[in-house]
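Below are the chains, spelled out letter by letter.
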Amino acid sequence: MLYIALYVLLISGTDFVLFNLGWCFIYLGFLLFLPIATPIVVQLLIGFLTGITMDLFFDTGGVHAAAAVLLMYLRPWVLRLLTPRDGYDAQDAVNIHQMGWQWMVVYLAMLTAIHHTAFFLLELGSIQVPGIALAKIVISTLYTGLTLLIIQLVFFPTRRRSR
């Protein structure tokens, strides 16, 4: 809930928007950093509750909820796609120190791009201006991904798993 509070109270203003094209959806960290073993039904419920909370605060009519549920629906598929050779351990978490740089960058890039594509296409309502939509998706994905990487490096523990 700290991610949602931080986003609503501090980051959602216009001070953190890049050139009116890039938004940092820091609350995605709450969804993306859930434990790997979280059941899909729980993920979908958490995604919906997080998204609908954001929709209530920003009066966006379900856009955040739809994008968050899509993100949580596709998260297990992305995790399967990125499964290490030895597989995941039961105690594995989405952590840059456990999974490594390459894994984390690909994971964040794929899932934030999926979320942002759904969000901005739903927000715009059509693809009449594809250049603006694409710019918003790319810049916001880079902005959010970089911010979440920094959060991982600063706030998550550095202990490594033994393999």
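The preceding data block contains the structure.
Our subject in this report is the structure included herewith. (Residues numbered from 1 in each chain as written. Predicted model: local features only at pLDDT ≥ 70, side-chain atom pairs only at ≥ 80, totals over all residues. Heavy atoms only, no water.)

A closer look at helix 3 (residues 40-58)
Here is step 1: Between its first and last C-alpha, helix 3 extends 27 Å over 19 residues, near the 27 Å set by a 1.5 Å rise per residue.
Here is step 2: If you check which residues of helix 3 are buried, you get Gln-43, Gly-47, Thr-50, Gly-51, Met-54 and Asp-55. When helix 3 is viewed along its axis, its buried side chains cluster within an angular range of 135° and face the same direction. Opposite its buried face, helix 3 presents the exposed residues Val-41, Leu-45, Leu-49 and Leu-56, each directed more than 90 degrees away.
Here is step 3: Two residues or fewer after helix 3 comes Asp-59, characterised by a positive phi angle close to 55°. (Helix = DSSP H or I, 4+ residues; strand = E, 2+ residues; numbered from the N terminus. Expected span 1.5 Å × (residues − 1). Buried < 20%, exposed > 50% of the residue type's maximum accessible area, 1.4 Å probe, protein only. Arc of directions from axis to C-beta.)

A closer look at the packing of aromatic side chains
Here is step 1: Scanning the model with the defined rule gives eight aromatic pairs in all.
Here is step 2: Summarising the aromatic geometry, the rings of Trp-103 and Tyr-107 are spaced 4.9 Å apart at their centres and angled 10° between planes, so their arrangement reads as stacked. Residue Trp-103 and its partner Tyr-107 are both found in helix 6 (residues 101-124); the two are separated by four residues, about one turn of the helix. Here the two residues Trp-103 and Tyr-107 agree in accessibility, since each one is buried.
Here is step 3: Grouped by ring-pair contacts, the aromatic residues Trp-23, Phe-25, Tyr-27, Phe-119 and Phe-120 constitute a single cluster. (Phe/Tyr/Trp six-rings, centres within 6.5 Å; stacked < 30°, edge-to-face > 60°.)

Some thoughts on the side chain of Gln-152
Here is step 1: Counting through the fold element by element, Gln-152 comes out in helix 7 (residues 130-155).
Here is step 2: One polar contact links the side chain of Gln-152 to the main-chain amide nitrogen of Ile-96, over a distance of 2.8 Å.
Here is step 3: Those residues in contact with Gln-152 that sit more than four places away from it in its chain are Phe-33, Val-94, Asn-95, Ile-96, His-97 and Met-104. (Polar contact = N/O pair within 3.5 Å; in protein donor to acceptor, adjacent residues only side chain to side chain. Contact = heavy atoms within 4.5 Å.)

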